[in-house]
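# Fold and contact review
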Amino acid sequence: MVSDRAKIVRRHHVHLLLPQPALGEAQSALFESAVRPAGWVADPSEPSSLSLQWRRRQDTLRLQTLGWFPLLVTVGPLGRATTAHRDAAARLTAAVAGAGGRSFTDRQLADYLPQARLRWQRALTERRRLTQAERLLEARQCSRCLAWSEPSVTHCTGCRHRFTAIDDAERETAVGQASKVIDTAATVLAELARGVLLDRIDSPGTDRPVAGMVTHG
Ligand SMILES: [Zn+2]
């Protein structure tokens, strides 16, 4: 009986994993459409890219981001827990399941959190690679003075050096390499968001979602 009661109390709080990168407009809209029919109204008093908050009469419901790539959130009452919170938790769980996500028990969450941190670090690394490579496509660098110029110019903006055929060939090679880096980074970011396991990402060819790793709880 005690454990039954504990289970019911816990259902006021849910941990949800959505196979998308982070908490953006689309994800907020999904959560919003799940709880709005039950009378929850978005509370814009604490605008944040990490959390959402709704109010319904005296009740406050808060959604807090715990991880990115994929998006991991925990949702629960701020203050006293009521049946409305339990209903909202069930609605959000159903919406996330409908969007290809899943819920975590407290135990599963504890097991997953270390990986959530690694996944976010990896995503930051890939984003940095992506940005650097994109910059290389948008500008060409002078081999003499290292200044950056528009890709179409014939002379370096920094030292007025006229780009030679050799410079152009090197530029072609650099562009080809940058394009490959962009493709790879974009693929890894998409796989991280989808929940593909880190070790699978580092040895491509197998596609198993991260949810498969969590077996107990
Ligand atoms: Zn130059």
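Residues numbered from 1 in each chain as written. Predicted model: local features only at pLDDT ≥ 70, side-chain atom pairs only at ≥ 80, totals over all residues. Heavy atoms only, no water.

## Comments concerning the nonpolar core
Counting 22 residues, the largest nonpolar core has Phe31, Trp40, Trp54, Leu61, Leu63, Val75 and Leu92 as the members making the most contacts within it. For this core, the elements supplying multiple residues, two or more each, are strand E1 (14–18), helix H2 (25–35), strand E3 (51–56), strand E4 (59–67), strand E5 (71–77) and helix H3 (83–98). Considering every element that reaches this core, the biggest residue donor is H3, with six residues. (Core = buried A, V, L, I, M, F, W, Y, C linked by side-chain atoms within 4.5 Å. Buried < 20%, exposed > 50% of the residue type's maximum accessible area, 1.4 Å probe, protein only. Helix = DSSP H or I, 4+ residues; strand = E, 2+ residues; numbered from the N terminus.)

## Describing helix H4 (residues 106–138)
It helps to recall that an α-helix has 3.6 residues per turn; residues three or four apart then point in one direction. In this model, H4 (33 residues) spans 46 Å end to end at C-alpha, consistent with the 48 Å of a helix rising 1.5 Å per residue. Along H4, the sharpest kink reaches roughly 40 degrees, centred on Tyr112 and followed within four residues by the proline Pro114. Turning to H4, its buried residues are Gln108, Leu109, Tyr112, Gln115, Ala116, Arg119, Arg122, Ala123, Glu126, Leu130 and Ala133. (Expected span 1.5 Å × (residues − 1). Bend = angle between axes of the 7 residues up to and from the residue.)

## Regarding the sheet that holds strand E2 (residues 41–42)
Spatially, E2-E3-E4-E5-E1-E6 is the arrangement adopted by the six strands of the open sheet, whose pairing is antiparallel. Strand pairing shows two members of the sheet lacking a second neighbour, E2 and strand E6 (102–104), which therefore form its edges. The strands that H3 touches are E1, E3, E4, E5 and E6; relative to E1, the one it contacts most, it runs at about 20 degrees. (Pairing = 2+ DSSP bridges. Contact = heavy atoms within 4.5 Å. Axes fitted to C-alpha atoms, helices over the stretch in contact; angles between N-to-C directions.)

## Observations regarding the packing of H2 against H3
Orientation of H2 relative to H3, taken along the N-to-C sense of each, is 135 degrees, at an axis distance of 9 Å. On the basis of the axis angle, H2 is oblique to H3. By crossing handedness, the relation of H2 to H3 is classed as right-handed. Residues Leu30, Phe31, Ala34 and Val35 of H2 pack against Ala88, Arg91, Leu92, Ala95 and Val96 of H3. A class-by-class count of the residues in the contact of H2 with H3 yields eight nonpolar, no polar and one charged. (Parallel < 35°, antiparallel > 145°, perpendicular 65-115°, else oblique. Left-handed = near helix turned anticlockwise from the far one by under 90°. Nonpolar A, V, L, I, M, F, W, Y, C, P; charged D, E, K, R; others polar.)

## Details of the coordination of the zinc ion
The protein atoms that coordinate the zinc ion are Cys142 (SG), Cys145 (SG), Cys156 (SG) and Cys159 (SG), at distances spanning 2.3 to 2.4 Å. Given four donor atoms and angles of 100 to 113 degrees at the metal, the environment of the zinc ion is assigned as tetrahedral. Given a relative accessible area of 1%, Cys142 falls into the buried group. Overall, the relative accessible area of 35% leaves Cys159 in the partly exposed class. (Donors = N, O, S within 2.8 Å, 3.2 Å for Na, K, Ca; no water. Tetrahedral: all angles 85-135°; square planar, octahedral: opposite > 155°, others 65-115°.)

## Comments concerning the packing of aromatic side chains
Within the structure shown, the criterion is met by three aromatic pairs. Each member of the aromatic cluster is reached from another via a ring pair, and the members are Trp68, Phe69 and Trp120. The lysine or arginine in question, Arg135, covers the ring of Trp148, its NZ or CZ lying 4.5 Å from the ring centre. The ring of Phe163 carries the charged tip of Arg140 above its face, separated from the ring centre by 3.8 Å. (Phe/Tyr/Trp six-rings, centres within 6.5 Å; stacked < 30°, edge-to-face > 60°. Lys NZ or Arg CZ within 6 Å of the ring centre and 35° of its normal.)

## Here we look at the pairing of E4
Where E3 meets E4, six bridges bridge the pair, whose relative direction is antiparallel. The residue bridging Leu52 from the neighbouring strand is Leu63, located in E4. The hairpin turn running from E3 into E4, its antiparallel successor, is two residues long, and Arg57 in that turn takes a positive phi close to 50 degrees. Pairing geometry for E4 and E5, over six bridges, is antiparallel. Note on E5: the bridge partner recorded for Gln64 is Thr74. Linkage of E4 to E5, two consecutive antiparallel strands, is achieved through a turn of three residues, within which Phe69 is found at a positive phi near 55 degrees.

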